[in-house]
Amino acid sequence: MFFYLSKFLWFFVQPLNFAIFLLLAGLVAAMFGRRGLATAGTVLAVLILALSTWTELGAIMISPLEDRFPRPPLPARVDGIIVLGGGLESAINAVRGGYEINGAGDRIVEAAVLARRFPTAKIAISGGTVEMVVKGEGDADSGPRLLAALGVTADRLILENKSRNTYENAVFTRELVTPKPGETWLLVTSAFHMPRATALFDKAGFPTVPWPVDYMTSGTESIGSFPPYNGLEVTTTAVREWIGLMAYWLSGRIDRLFPGPADGPGG
């Protein structure tokens, strides 16, 4: 239920869709002679779009998330590497049979880099199908094809292809891996996603070393730093992640709204 409710609500509150709904509401209000409501809806929609595309609002919102877990020095020994899904084009790969990557593809690429540095480490890919309408395949299904092409042998892989969100990533991966005391596992995911991911793995009883990748900001952004479509993407990602943190905190799945390195064994 949590998965479907989150997908449903996100469809309406993501910045672009929300602006479109406000414009439609303004149009309906104008048709019924409610000029005040029509003006308010239109102005708010334009404001959302302008702030999302032409300003550094997205960078301001996402930078605290990306900076929360700085990348640590590499441990001397790594027993395993967990890479969270989201870096591969699910629907395209399901049809084409390849391993097309998207903007979060650094996750799977970094896993391959780490696999070469630690040749005895296991690589756990966690990610099932998350689409509700379009048929796709999870990263745990298409990821092995890319890793094989990059020289990672199949005997090193642990594949978790049932999870649909980060909570399930943590719980299902913990069940598959059953980590032993004293083992060191790196957690690879996008930097903005690391606070929520680390908190959930800690709560699932799977302590990890955060290894953030896929940074979207440099920390020096100003007005005009992003093309409009990039600005909208960064703002949308930031809004989604902050809403995700709020939802997981309110539901008790994480203990703090903004988890940090000092909150548990993950730091």
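Just so it is clear, the structure is predicted and the values come from calculations on it, not from any experiment.

Colleague: Tell me about the overall build of the protein chain, and name the residues and values.
Modeller: The helix and strand tally for the protein chain stands at 10 helices and five strands. For 267 residues, the compact-globule formula gives about 18 Å, and the C-alpha radius of gyration of the protein chain, at 20 Å, lands near that figure. With the principal axes as the frame, the protein chain shows a C-alpha extent of 70 × 40 × 35 Å. With 267 residues in all, the protein chain has 44% of them scored as buried. A separation threshold of at least 6 residues defines the contact pool for the protein chain, and within that pool the share at least 24 residues apart is 73%. If you sum the accessible surface of the protein chain, you get close to 13,500 Å²; carbon and sulfur atoms cover 63% of it. If you average the places of the 23 positive and of the 24 negative side-chain charges in the protein chain, the two averages end up 4 Å apart.

Colleague: Pulling in residues and values, what's your account of the pattern of salt bridges?
Modeller: Pairing between side chains becomes possible if they bear opposite charge and their charged atoms approach one another. Using the criterion set out here, one finds six salt bridges in the structure. The partner of Glu110 in a salt bridge is Arg71, and the shortest N-O contact between them spans 4.0 Å. One end of the pair, Glu110, is in helix H6 (residues 106-117); the other, Arg71, is in the loop between helix H4 (57-67) and strand S1 (80-84), and 39 residues separate them in sequence. Residue Asp255 is joined to Lys203 by a salt bridge in which the shortest nitrogen-to-oxygen separation is 2.6 Å. Taken together, the residues Asp255 in the segment after helix H10 (228-250) and Lys203 in helix H9 (residues 194-203) connect sequence positions 52 residues apart. Asp255 gets classed as exposed once you look at its relative accessible area, which sits at 61%. Since its relative accessible area comes to 45%, Lys203 is described here as partly exposed.

Colleague: Kindly report on the packing of aromatic side chains, identifying the contributing residues and their values.
Modeller: Enumeration over the complete set of coordinates arrives at seven aromatic pairs. Ring geometry for Phe8 versus Phe12: centroids 5.1 Å apart, planes at 65°, classification edge-to-face. Remark: Phe12 and Phe8 occur in helix H1 (residues 2-13); sequence separation between them is four residues, near one turn of the helix. Given the relative accessible area of 48%, Phe8 is considered partly exposed. Classification of Phe12 as partly exposed rests on a relative accessible area of 34%.

Colleague: Quick rundown of the sheet that holds strand S4 (residues 185-190)? Include the residues and the values.
Modeller: In a beta sheet, neighbouring strands are held together by backbone hydrogen bonds and run either parallel or antiparallel to one another. Here we have five strands laid out as an open sheet, ordered S3-S2-S1-S4-S5, and parallel in their pairing. Looking along the sheet, the strands with just one partner apiece sit at the ends: strand S3 (157-160) and strand S5 (209-213). Averaged over all neighbouring strand pairs, the angle between strand axes comes to 20°, with direction disregarded. For S4 and S5, the ladder comprises five bridges, and the chain directions are parallel. The residue of S5 that forms the bridge with Leu186 is Val209. Relative to the sheet, H6 contacts S1, strand S2 (122-126), S4 and S5, its axis offset from that of S1 by approximately 170°.

Calculation notes
Residues numbered from 1 in each chain as written. Predicted model: local features only at pLDDT ≥ 70, side-chain atom pairs only at ≥ 80, totals over all residues. Heavy atoms only, no water. Helix = DSSP H or I, 4+ residues; strand = E, 2+ residues; numbered from the N terminus. Rg over C-alpha atoms; globule rule 2.2 N^0.38 Å. Buried < 20%, exposed > 50% of the residue type's maximum accessible area, 1.4 Å probe, protein only. Contact = heavy atoms within 4.5 Å. Areas by Shrake-Rupley, 256 points an atom, 1.4 Å probe, with all protein chains shown as cover. Lys, Arg positive; Asp, Glu negative; His and termini not counted. Charge placed at Lys NZ, Arg CZ, Asp CG, Glu CD. Salt bridge = Lys/Arg side-chain N within 4 Å of Asp/Glu carboxyl O. Phe/Tyr/Trp six-rings, centres within 6.5 Å; stacked < 30°, edge-to-face > 60°. Pairing = 2+ DSSP bridges. Axes fitted to C-alpha atoms, helices over the stretch in contact; angles between N-to-C directions.

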